[in-house]
Amino acid sequence: IDTRLEGRDQQVSTKVDLITEDVEVDTLAWLDPDRSLLGDAQQAWLTSNLQASTAQWKVIGNQVMMVPLAPNPFWASVGDQFGLPEFTNLDAWDGYPVERRKLLTALRDSGVDDVVVLTGDIHSSWAADLPANPYALGDFPPYQGLPPYDPNTGANSVGVEFVAPSVTSATFADALVSLALAQGQTPEEAEELVATTVFLIRTFYPQVKAFDPASHGYVVLDLSPERAQSDWYYADIETDGAPEAFGQGLAAQAGASTLLPVASPAPDKPNAPALAPTGAPVAGEDDALPGTETLLVLGVYPNPTTDRAAVGYVLRRADDVSVRVFDALGREVAILHDGPQPGGVYALGLDASRLAAGTYLVRIETADESATHMISVGR
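Note that the coordinates shown come from a computational prediction; the quantities given were computed from them, not determined experimentally.

Peer 1: Give me the lowdown on the overall build of the protein, citing residues and values where you can.
Peer 2: Summing up its helical and strand segments, the protein has 6 helices and 18 strands in all. Partitioning the contacts of the protein with sequence separation of at least 6, the portion at a separation of at least 24 is 69%. Here the protein displays about 19500 Å² of accessible surface, and carbon together with sulfur accounts for 55% of that area.

Listed below in structure tokens is the structure:
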């Protein structure tokens, strides 16, 4: 699914209370039922395909964490004691709680079982159950009226989520340490902040079954008729030639929609196919990519924008391409490309900082096809 481009409304804003210095969320916008992450068309497509699927395991490739975390009714009594704000990631599904509620309740009400969500983005390892209402005390928006989740039995969870760490990029823990050091804390205090964060997330978010903010590695998902198992493998990227090792594993039994730890990784498959080649094949300039149409438009991101945006598209074969930007009166204001291009994937930069606030049209043309995409520029 796409949670970044076409259907996504801008994230809700936050503000700092000038008296308490607490970071506050614009709750009216946060709970606005018209705000969308997927968009109506993709939401309907996803729900209907999951409901109609005859596969045992329904696996969703997903960019930003889906597990409900905020608001946490337990945090008010513990957060201030540790000097930490509640974990709220408005870039993820937590920033679009009404849309997430629609999806999870639709799966629950239609009896869709064995849903597995695979996620990245946050540079850390997470494993979680996916309840529509994660807290027994959560009788408030956006969980109001939904049966609460039981962390002991997994009751009222409608799926599970596995989140892969980064291979070499900075980790969640690295970001916490950098923030602490920038605020004048010592390295020891920064490391203590990481340990405290792990403790709080594991203690006060019962839907989160595993959390590792610091390890680099990858995930292997193993599906069998009996269970879906995710195994995390870690390595020390600072040491050349350091071996990777099994770090942790969790599995959901068929029909259960809740995670339990496993002691060892899933066994290797007999007669497994060969590993993927280490070098990707490179298409020649005139080699056609799969597909019948020459032009596939990926979109304009971010949209709306204030300064810069990228125009994304795929050429399935070499062609003459024109990418131009027009204002609302049809006047040409920018030419991003005009000439031949080989087949491939493109992201052309658009400098919107010199454009007046308003609505613009990006027009992409090949010899035989054209597409127009709208972009909003704000200030």
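From this point, things continue past the structure.
Peer 1: Help me get a handle on the packing of helix H2 (residues 40-52) against helix H4 (residues 97-109), residues and values and all.
Peer 2: At a minimum axis distance of 10 Å, the contact between H2 and H4 shows a crossing angle of 15 degrees. In terms of orientation, H2 and H4 fall into the roughly parallel class. Remark: the crossing between H2 and H4 carries right-handed chirality. Contacts between H2 and H4 involve Gln-43, Leu-46, Thr-47, Leu-50 and Gln-51 from the former and Glu-99, Lys-102, Leu-103, Ala-106 and Leu-107 from the latter. Looking at the contact of H2 with H4 residue by residue, the classes come out as 5 nonpolar, 3 polar and 2 charged.

Peer 1: Can you break down the sheet that holds strand S9 (residues 227-235) residue by residue, with the values?
Peer 2: Ordered in space as S8-S9-S10-S11, the 4 strands form an open sheet in which the pairing is antiparallel. Of all strands in the sheet, those bounded by a partner on one side alone are strand S8 (216-223) and strand S11 (259-262). With strand direction ignored, the average angle separating the axes of adjacent strands in the sheet is 25 degrees. Where S9 lies against strand S10 (residues 245-253), 8 bridges are found, and the strand directions are antiparallel. Directly across from Arg-227, in S10, lies its bridge partner Gln-253.

Peer 1: So, the pairing of strand S18 (residues 370-377): which residues are in play, and what are the values?
Peer 2: Two strands pair when backbone bridges link them, and strand S17 (residues 358-365) and S18 are joined in this way by 8 bridges, in the antiparallel orientation. The residue of S18 that forms the bridge with Ile-364 is Ala-371. Between the end of S17 and the start of S18, which pair antiparallel, lie 4 residues.

Peer 1: Tell me about the nonpolar core, and name the residues and values.
Peer 2: Membership of the largest hydrophobic core comes to 45 residues, with the highest contact counts inside it found for Met-65 and Trp-126. Residue assignment for this core shows that the elements contributing at least two residues are H2, H4, strand S4 (115-119), strand S5 (125-131), strand S6 (157-163), helix H5 (172-182), helix H6 (187-204) and strand S7 (208-212). Looking at this core element by element, the count peaks at 7 residues for H6.

Peer 1: Let's hear about the pattern of salt bridges: which residues, and what values?
Peer 2: Per the counting criterion, the structure on display carries 11 salt bridges. Put simply, Asp-91 and Arg-4 hold a salt bridge, and the shortest N to O gap is 2.7 Å. One end of the pair, Asp-91, is in the loop between helix H3 (79-82) and H4; the other, Arg-4, is in the segment before strand S1 (14-16), with 87 residues separating them in the sequence. When its relative accessible area of 21% is taken as the criterion, Arg-4 is described as partly exposed. With a shortest N-O distance of 2.9 Å, Asp-94 and Arg-100 are connected by a salt bridge. Residues Asp-94 and Arg-100 agree in their burial class; the two are buried. Taken together, the shared-partner salt bridges in this structure form one network comprising Arg-4, Arg-8, Asp-91 and Asp-121.

Peer 1: Any chance you could break down the packing of aromatic side chains for me, citing the residues and the numbers?
Peer 2: The final tally for this structure, using the stated rule, is 8 aromatic pairs. Consider the rings of Phe-162 and Trp-232, whose centres lie 6.0 Å apart with planes at 75 degrees: the pair is edge-to-face. Of this pair, Phe-162 sits in strand S6 while Trp-232 is found in strand S9, placing the two residues 70 residues apart along the sequence. Comparing Phe-162 with Trp-232, the two get one shared label, buried. Each ring, one from Tyr-233 and one from Phe-246, has its centre 6.0 Å from the other, and the planes form 65 degrees; the classification is edge-to-face. One end of the pair, Tyr-233, is in strand S9; the other, Phe-246, is in strand S10, with 13 residues separating them in the sequence.

Peer 1: Requested: an account of a negative patch on the surface, with residues and values cited.
Peer 2: Taken together, the side chains of Glu-188, Glu-189, Glu-191 and Glu-192 present a region of like negative charge at the surface. Within the fold, Glu-188 resides in helix H6.

Peer 1: Could you give me a rundown of the environment of Pro-261, with the residues and numbers involved?
Peer 2: Considering the arrangement of structural elements, one finds Pro-261 in strand S11. Pro-261 gets classed as exposed once you look at its relative accessible area, which sits at 67%. Separated by 51 residues in the primary sequence, Pro-261 and Ala-210 place their C-alpha atoms 8.6 Å from one another. Beyond its immediate chain neighbours, meaning those up to four positions away, Pro-261 contacts Gly-249 and Leu-250.

Peer 1: Go over the packing of H5 against H6, please, and point to the residues and values.
Peer 2: Two elements in contact, H5 and H6, have axes separated by 9 Å at closest approach and are oriented at 135 degrees. Viewed along their axes, H5 and H6 adopt a mutual orientation that is oblique. Between H5 and H6 lies a crossing of right-handed hand. Residues Phe-172, Ala-173, Leu-176, Val-177, Ala-180 and Leu-181 of H5 form the contact with H6, whose own contacting residues are Pro-187, Ala-190, Glu-191, Leu-193, Val-194 and Thr-197.

Peer 1: Kindly report on unusual backbone geometry, identifying the contributing residues and their values.
Peer 2: Here the bond from Ala-70 into Pro-71 is cis, since omega is -5 degrees, no more than 30 degrees from zero. Residues Asn-303 and Pro-304 are joined by a peptide bond in cis, for which omega reads 10 degrees. By the secondary structure assignment, Pro-304 is in the loop between strand S12 (295-301) and strand S13 (308-315). Even without glycine at this site, Asp-121 takes up a positive phi of about 80 degrees. Judged by its relative accessible area of 36%, Asp-121 is partly exposed. Non-glycine residue His-123 carries a positive phi angle of around 60 degrees.

Calculation rules
- Residues numbered from 1 in each chain as written.
- Predicted model: local features only at pLDDT ≥ 70, side-chain atom pairs only at ≥ 80, totals over all residues.
- Heavy atoms only, no water.
- Helix = DSSP H or I, 4+ residues; strand = E, 2+ residues; numbered from the N terminus.
- Contact = heavy atoms within 4.5 Å.
- Areas by Shrake-Rupley, 256 points an atom, 1.4 Å probe, with all protein chains shown as cover.
- Axes fitted to C-alpha atoms, helices over the stretch in contact; angles between N-to-C directions.
- Parallel < 35°, antiparallel > 145°, perpendicular 65-115°, else oblique.
- Left-handed = near helix turned anticlockwise from the far one by under 90°.
- Nonpolar A, V, L, I, M, F, W, Y, C, P; charged D, E, K, R; others polar.
- Pairing = 2+ DSSP bridges.
- Core = buried A, V, L, I, M, F, W, Y, C linked by side-chain atoms within 4.5 Å.
- Buried < 20%, exposed > 50% of the residue type's maximum accessible area, 1.4 Å probe, protein only.
- Salt bridge = Lys/Arg side-chain N within 4 Å of Asp/Glu carboxyl O.
- Phe/Tyr/Trp six-rings, centres within 6.5 Å; stacked < 30°, edge-to-face > 60°.
- Patch = residues over 30% accessible without salt bridge, like charges linked within 9 Å, V, L, I, M, F, W, Y side chains within 5 Å.
- Lys, Arg positive; Asp, Glu negative; His and termini not counted.
- Charge placed at Lys NZ, Arg CZ, Asp CG, Glu CD.

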